[in-house]
Amino acid sequence: MASLADRLPNRFPVGTRYVIEGRDGGDGRLRIHLRYLEFPDGRHVDLPLDLAARTRRRRRRATTRK
């Protein structure tokens, strides 16, 4: 089943916020622990932390299936 983040539109309504929450990861680097979209009507859509890694895993798994 595809997650809601896989079906995001190309454009968003005015007032939509892209929120990234993080903490100090040491060595002056930021460690992201939460990403989400917050729409003006109050809806909240959680986004995966590393979409690129998720996509690579999905492709690799899909090619090994018969």
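Right above here is the structure, for reference.
As the structure is a computational prediction, the values presented were derived from the model and not from experiment.

A. Highlighting the overall build of the chain. Helix and strand counts for the chain come out as 1 helix and 3 strands. Element order for the chain, N to C, with α for helix and β for strand: β-β-β-α. Counting only residues that meet the buried cut, the chain has 15% of its 66 residues in that class. Within the chain, residue pairs in contact and separated by at least 24 positions form 28% of the contacts whose partners lie at least 6 positions apart. For the chain, the exposed area adds up to about 5900 Å²; of that, 49% sits on carbon and sulfur atoms.

B. Spatial organisation of the packing of aromatic side chains. One pass over the structure, following the stated rule, counts 1 aromatic pair. Centre to centre, the rings of Phe 12 and Phe 39 are 5.9 Å apart; their planes meet at 50 degrees, and the pair counts as tilted. A residue pair is termed long-range when its members are at least 10 positions apart, and Phe 12 in the segment before β1 (17–24) and Phe 39 in the loop between β2 (30–38) and β3 (44–47) qualify at 27 residues. A relative accessible area of 8% places Phe 39 in the buried class.

C. Just the environment of Val 45, in detail. Examined against the element boundaries, Val 45 turns out to sit in strand β3. On the accessibility criterion, Val 45 (7% relative accessible area) is buried. Between the C-alpha atom of Val 45 and that of Arg 35, which follows or precedes it by 10 residues, the distance is 8.8 Å.

D. Main features of unusual backbone geometry. Its identity is not glycine, yet Asp 27 carries a phi of approximately 55 degrees, on the positive side. Take Asp 27: it is sitting in the loop between β1 and β2.

E. Inspection of the pattern of salt bridges at higher detail. Tallying each qualifying case throughout the model produces 2 salt bridges. Linking Glu 38 and Arg 17 is a salt bridge whose minimum nitrogen-to-oxygen distance equals 2.7 Å. With Glu 38 in strand β2 and Arg 17 in strand β1, this residue pair connects regions lying 21 residues apart in the sequence. Residue classification places Arg 17 among the partly exposed positions, given a relative accessible area of 48%. Across the pair Arg 43 and Asp 41 runs a salt bridge, and its minimum N-O distance is 3.0 Å. We classify Arg 43 as partly exposed; its relative accessible area is 48%.

About the criteria used
Residues numbered from 1 in each chain as written. Predicted model: local features only at pLDDT ≥ 70, side-chain atom pairs only at ≥ 80, totals over all residues. Heavy atoms only, no water. Helix = DSSP H or I, 4+ residues; strand = E, 2+ residues; numbered from the N terminus. Buried < 20%, exposed > 50% of the residue type's maximum accessible area, 1.4 Å probe, protein only. Contact = heavy atoms within 4.5 Å. Areas by Shrake-Rupley, 256 points an atom, 1.4 Å probe, with all protein chains shown as cover. Phe/Tyr/Trp six-rings, centres within 6.5 Å; stacked < 30°, edge-to-face > 60°. Salt bridge = Lys/Arg side-chain N within 4 Å of Asp/Glu carboxyl O.

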